[in-house]
Amino acid sequence: MMGRNHFELFSLPVSFDVDIDSLSARYQDLQRSIHPDNFTSATDREKRLSMQQASIANEAYQSLKDPLKRAQYLLSLNGIDVKSESNTVMDTAFLMQQMELREALDDTMDATDPLAAVGIFSADVETRIKDLISQLQGHFNDNTKESLLQAESLSLQLQFLYRLREEAEDREEALL
Amino acid sequence: MALLQISEPGESTAPHQHRLAAGIDLGTTNSLVATVKSGEAVTLEDENGCYMLPSVVRYQDDKNVVVGSEAYQAAATDPHNTISSVKRFMGRGILDVQRDPHGYEFIETDSVPRIRTVAGDVSAVEVSAEILANLKRRAEQGLADELGGVVITVPAYFDDAQRQATKDAARLAGLNVLRLLNEPTAAAVAYGLDTGSEGVHAIYDLGGGTFDISILRLNRGVFEVLATAGDSALGGDDMDRAIAIWMAEEAGVEIDDAYLLRRLMNEARRAKEALSGSDSTILNIELVDGSTWQGSLSIEKFHQLIDPLIKKSLIPCRRAMRDAGVSTEEIQEVVMVGGSTRVPRVREKVGEFFSKPPLVDIDPDKVVAIGAAIQADVLVGNKPDDEMLLLDVTPLSLGIETMGGLVEKVIPRNTTIPVARAQEFTTFKDGQTAMAVHVLQGERELVDDCRSLARFELRDIPPMVAGAARILVTFQVDADGLLEVTATEQTSGVEASVQVKPSYGLEDNEIERMLRDNVEHAKDDVEARKLREQQVEADRVFEAINAALVEDADALLNDEEREIIVSSLQALKNARENESAAKIKLAIELADKATAEFAAKRMDASINKALSGHTLDEFK
């Protein structure tokens, strides 16, 4: 399994468009043959090997299943490390929007029905996430140097929205 | 001659020998053992026809240990020496075990807390081992064969320390653990295979002392856990305790006596069960002064006492659905597991929460053991063509302490296992030659709010300027949910690793000592036991390599490679007859080395086989 990238591991083309059903089916086929449950009476070495390979398969599956992780992985295959946020210049318009969204989330706590307000807020964030994902798709399909830089900036925005969604869920949970 | 068979694979594949395997549900209140008999999973009964073994152990001054209903009967008259609900103390430190009233005298030691009894101080692991040994005996006597291996169930929400403690108890009881299986997953296996259900299911498992909720997707024999959540200290016991405390208040007495506490708890449990079928129940308690208090508990009051506990279980339900990314509409069925789901109020509230009546038609007491037995049967190799696959998750996030007492998460909760993740850290002082690694489990940001799993130190880092060292910390969680942590300084290759021995766990040498002290093993000579262990291991390795050769030697090995492996097996066979534990151990290691390349090739072949049939062209 060494040397295979996550897409190759599941015999899938390197692309942002992934058919989740066939990804899942291939992942399950792979786990059926390498999962440690198949090696309970094997030698310790085979047990260990199976645990390592099953771990790799799990990691690969997780990174392709989720659009944000998939975008980050595709960028890393193109030599762009998105996890180091330090050297990225964020779009000023997006920074403004970030601040506004954060304030909007804070404001939901002062609403007459905070739970309903958080619900409306979350739905708005969800729409923005869907929109970003379809934009990402376009840029990855273009696959030029310029479009990949665009994809990088969009994936940072997506990461922000993911965090915001999580915070909204935390607040919702705290209200119950 | 086994070796002749090796050199001529294909001609002599011996039919697979059926091995005896069992599933054990090691519960807070009751424990069960089940096995697959002629294709059907059944729970095994004791000589009195009971399949449930009360998880109660009584230590007597003649060193005699009594387990089960006889011990349960003695609980009210000998509360200090009769240990019940010991599962609550597994993997726990002294501060944890003193939180709830239980009437035991706990002794703080260097490792795990111990309970004082007339027969000496015992740890929770030893008490659990007595329960497991009892079930082992039941299975082996009932089936007249030695157990090849067992699957033991644990609450999905058990942390690393609790899992490790369970495995230690099994080792003490002389059991070969094939897998630790999460209770709701076991229930899903029993239920799913029985009904042939597909789609997303929720398993609501409220036992005597623990609560779990798991959201699973069932698809073509694959049980994929999407998320799990729970509370490892919430169950029927807490309902009993709430009633007991209320009764004491009504009677105007303090619970400062272990005998009284036990009488209150027993009466509370009886009342709880009685209220499943009636609107009120009469209560009778013998007080410390010998007088009797009489009262009554109405269903309304009962609901008022237990509603906060049920509500407490719904918070994890919400979190699990959120982590799984599913809504209540997407959940096809809610399966009720655990004795406490017999309480009608629990069913009512859970039904309201999921907006559908929960499924209660499977026996909530047996289903976990049945599921464990089914998996044990598959794992031991009795069903080579089985399509079943269980994909489980880590219940709690795993992380490492960083500057300022903060926790950096390395593996978030609900990650599919097995999983390996690495994170890079660096030194913060010039010339720093050591780094402390503190491993934590939990969801909170501060170290103090998480459970400390282990601490170890990476030493001999070559002196460098601050920030120049590159220390890679790798977390590996295996299929049992147990963690191993390795730290390596990348520039020098200095390495340190720990199999996480929980902060509240037993040391290996302690287990060794217990094994020696164990009454059952006292007769054996230690050396004889070591030899026997190595012989069993040698047979296992021999069989495993032999089977691998029969399967794949022709396809993957040339004559020379095969010769090397065959001669290492011959050496292993010779050593096996030789009666020296050390020599057998060495031969096992050599056989393992000789097959390293072969093992890697086999793994690669399975991967290729799994993916064959899928090509890139399918998408073009």
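Just so it is clear, the model here is predicted, and its values are computed rather than measured. (Residues numbered from 1 in each chain as written. Chains lettered and ligands numbered in written order. Predicted model: local features only at pLDDT ≥ 70, side-chain atom pairs only at ≥ 80, totals over all residues. Heavy atoms only, no water.)

A.B. asks: Just give me the short version of the overall build of chain B, but keep the residues and values in it.
C.D. replies: When helices and strands are tallied, chain B shows 17 helices and 27 strands. In terms of overall size, chain B behaves like a compact globule, its C-alpha atoms giving a radius of gyration of 26 Å where 620 residues would be expected to give roughly 25 Å. Across its three principal axes, chain B shows a C-alpha extent of roughly 85 × 65 × 65 Å. Here chain B, with 620 residues, has 56% of them falling under the buried criterion. For chain B, contacts bridging at least 24 residues in sequence account for 66% of all contacts bridging at least 6. Total accessible area on chain B is roughly 27,200 Å²; 47% of this is exposed by carbon and sulfur atoms. (Helix = DSSP H or I, 4+ residues; strand = E, 2+ residues; numbered from the N terminus. Rg over C-alpha atoms; globule rule 2.2 N^0.38 Å. Buried < 20%, exposed > 50% of the residue type's maximum accessible area, 1.4 Å probe, protein only. Contact = heavy atoms within 4.5 Å. Areas by Shrake-Rupley, 256 points an atom, 1.4 Å probe, with all protein chains shown as cover.)

A.B. asks: Go over helix α4 (residues 124-143) of chain B with me, naming the residues and quoting the values.
C.D. replies: Residue and element names in this part refer to chain B. An ideal rise of 1.5 Å per residue puts 28 Å on 20 residues; α4 measures up with 29 Å between its terminal C-alpha atoms. Burial analysis of α4 places 14 of its 20 residues in the buried class, which makes it a mostly covered element. Downstream of α4 by a residue or two, A144 has a phi angle that is positive, lying close to 50°. (Expected span 1.5 Å × (residues − 1).)

A.B. asks: Residues and numbers for the sheet that holds strand β21 (residues 406-411) of chain B, please.
C.D. replies: Residue and element names in this part refer to chain B. Sheet architecture is open: 4 strands sit in the order β21-β20-β23-β24, paired in antiparallel fashion. Of all strands in the sheet, those bounded by a partner on one side alone are β21 and β24 (451-458). Neighbouring strand axes in the sheet, compared pairwise and without regard to direction, differ in orientation by 30° on average. Where strand β20 (residues 398-402) lies against β21, 5 bridges are found, and the strand directions are antiparallel. Following the sheet pairing, T402 is matched in β21 by L406. (Pairing = 2+ DSSP bridges. Axes fitted to C-alpha atoms, helices over the stretch in contact; angles between N-to-C directions.)

A.B. asks: Now, about the environment of I56 of chain A: what can you tell me, with residues and values included?
C.D. replies: With respect to the helices and strands, the residue I56 of chain A is situated in helix α3 (residues 44-65). As for I56 of chain A and H6 of chain A, which are separated by 50 residues in sequence, their C-alpha atoms are 8.8 Å apart.

A.B. asks: Help me get a handle on the nonpolar core, residues and values and all.
C.D. replies: Core analysis: the biggest nonpolar cluster contains 52 residues, and F10, L30, L136, F140, L158, L161 and L164 of chain A have the highest contact counts within it. For this core, the element with the highest residue contribution is helix α7 (residues 145-175) of chain A, accounting for 9 residues. Apart from the residues within four sequence positions on either side, F140 of chain A is in contact with F16, A71, L74, L75, L148 and A151 of chain A. V200, I213, A244 and I310 of chain B belong to the second largest nonpolar core, which has 49 residues in total. (Core = buried A, V, L, I, M, F, W, Y, C linked by side-chain atoms within 4.5 Å.)

A.B. asks: Kindly report on helix α5 (residues 160-172) of chain B, identifying the contributing residues and their values.
C.D. replies: Residues and elements named next belong to chain B. Over its 13 residues, α5 extends 18 Å from the first C-alpha to the last, a length consistent with the 18 Å expected when each residue adds 1.5 Å. Counting buried positions along α5 yields 11 of 13 residues, so the element is predominantly enclosed. Looking at the residues trailing α5, positive phi occurs at G174, about 75°.

A.B. asks: Could you give an account of the packing of aromatic side chains, with specific residues and numbers?
C.D. replies: The tally for this structure, following the rule as stated, stands at 9 aromatic pairs over all chains. Ring centres of F89 of chain B and F106 of chain B lie 5.0 Å apart, and the angle between their planes is 80°; on these two criteria the pair is classed as edge-to-face. In this pair, F89 of chain B sits in the loop between β7 (82-84) and α3 (94-97) while F106 of chain B sits in strand β8 (residues 106-107), placing the two residues 17 residues apart along the sequence. Residue classification places F89 of chain B among the buried positions, given a relative accessible area of 9%. Linked through ring pairs, F10, Y27 and Y61 of chain A together constitute an aromatic cluster. Here the basic side chain of K366 of chain B rests over the ring of Y51 of chain B, its NZ or CZ set 4.4 Å away from the ring centre. We note R602 of chain B situated over the ring of F598 of chain B; from NZ or CZ to the ring centre the distance is 5.9 Å. (Phe/Tyr/Trp six-rings, centres within 6.5 Å; stacked < 30°, edge-to-face > 60°. Lys NZ or Arg CZ within 6 Å of the ring centre and 35° of its normal.)

A.B. asks: Please give an account of unusual backbone geometry that cites residues and values.
C.D. replies: Residue and element names in this part refer to chain B. The omega torsion of the bond from I417 to P418 falls at 0°, within 30 degrees of zero and hence cis. Within the element layout of this structure, P418 appears in the loop between β21 and β22 (419-425). The phi dihedral of S85 is positive, around 50°, even though this residue is not glycine. Mapped onto the fold, S85 is located in the loop between β7 and α3.

A.B. asks: Provide a residue-level description of the interface of chain B and chain A, including the pertinent values.
C.D. replies: Counting from both sides, the interface comprises 48 residues of chain B and, opposite them, 47 residues of chain A. Across the interface of chain B and chain A, roughly 4,300 Å² is buried in total on both sides, 51% from carbon and sulfur atoms. The tally of links between chain B and chain A comes to 8 salt bridges. The residue D44 of chain A makes a salt bridge to R540 of chain B at a minimum N-O spacing of 3.3 Å. Summed over the shared surface of chain B and chain A, the result is 20 residue pairs in polar contact (both at pLDDT 80 or more). (Buried area = accessible area lost by both parts, 1.4 Å probe. Salt bridge = Lys/Arg side-chain N within 4 Å of Asp/Glu carboxyl O. Polar contact = N/O pair within 3.5 Å; in protein donor to acceptor, adjacent residues only side chain to side chain.)

A.B. asks: Hey, could you go over the sheet that holds strand β13 (residues 199-206) of chain B for me, with residue numbers and the actual values?
C.D. replies: Residue and element names in this part refer to chain B. Across the sheet, which stays open at both edges, the 5 strands sit in the order β18-β13-β14-β15-β19 with mixed pairing between neighbours. With partners counted over all chains shown, the strands left at the sheet margins are β18 (333-337) and β19 (389-391), one partner each. Sheet twist, expressed as the mean angle between neighbouring strand axes with direction ignored, is 25°. As paired elements, strand β15 (residues 222-231) and β19 share 3 bridges and run parallel to each other. Pairing of F223 across the sheet is with L390, part of β19. Its contacts with the sheet place helix α10 (residues 344-354) against β13, β14 (211-219) and β18, and it is angled at close to 155° to β18.

A.B. asks: Account for the pattern of salt bridges, naming residues and giving values.
C.D. replies: Residues and elements named next belong to chain B. Across all of its chains, the model carries 48 salt bridges over all chains by this definition. Close ionic contact of R540 with E537 constitutes a salt bridge, the shortest N to O distance being 3.1 Å. Residue R540 and its partner E537 are both found in helix α14 (residues 526-556); the two are separated by 3 residues, about one turn of the helix. Note on E537: relative accessible area 23%, which makes it partly exposed. Between D552 and R602 there is a salt bridge, with its nearest N and O atoms 2.6 Å apart. Taken together, the residues D552 in helix α14 and R602 in helix α17 (residues 596-611) connect sequence positions 50 residues apart.

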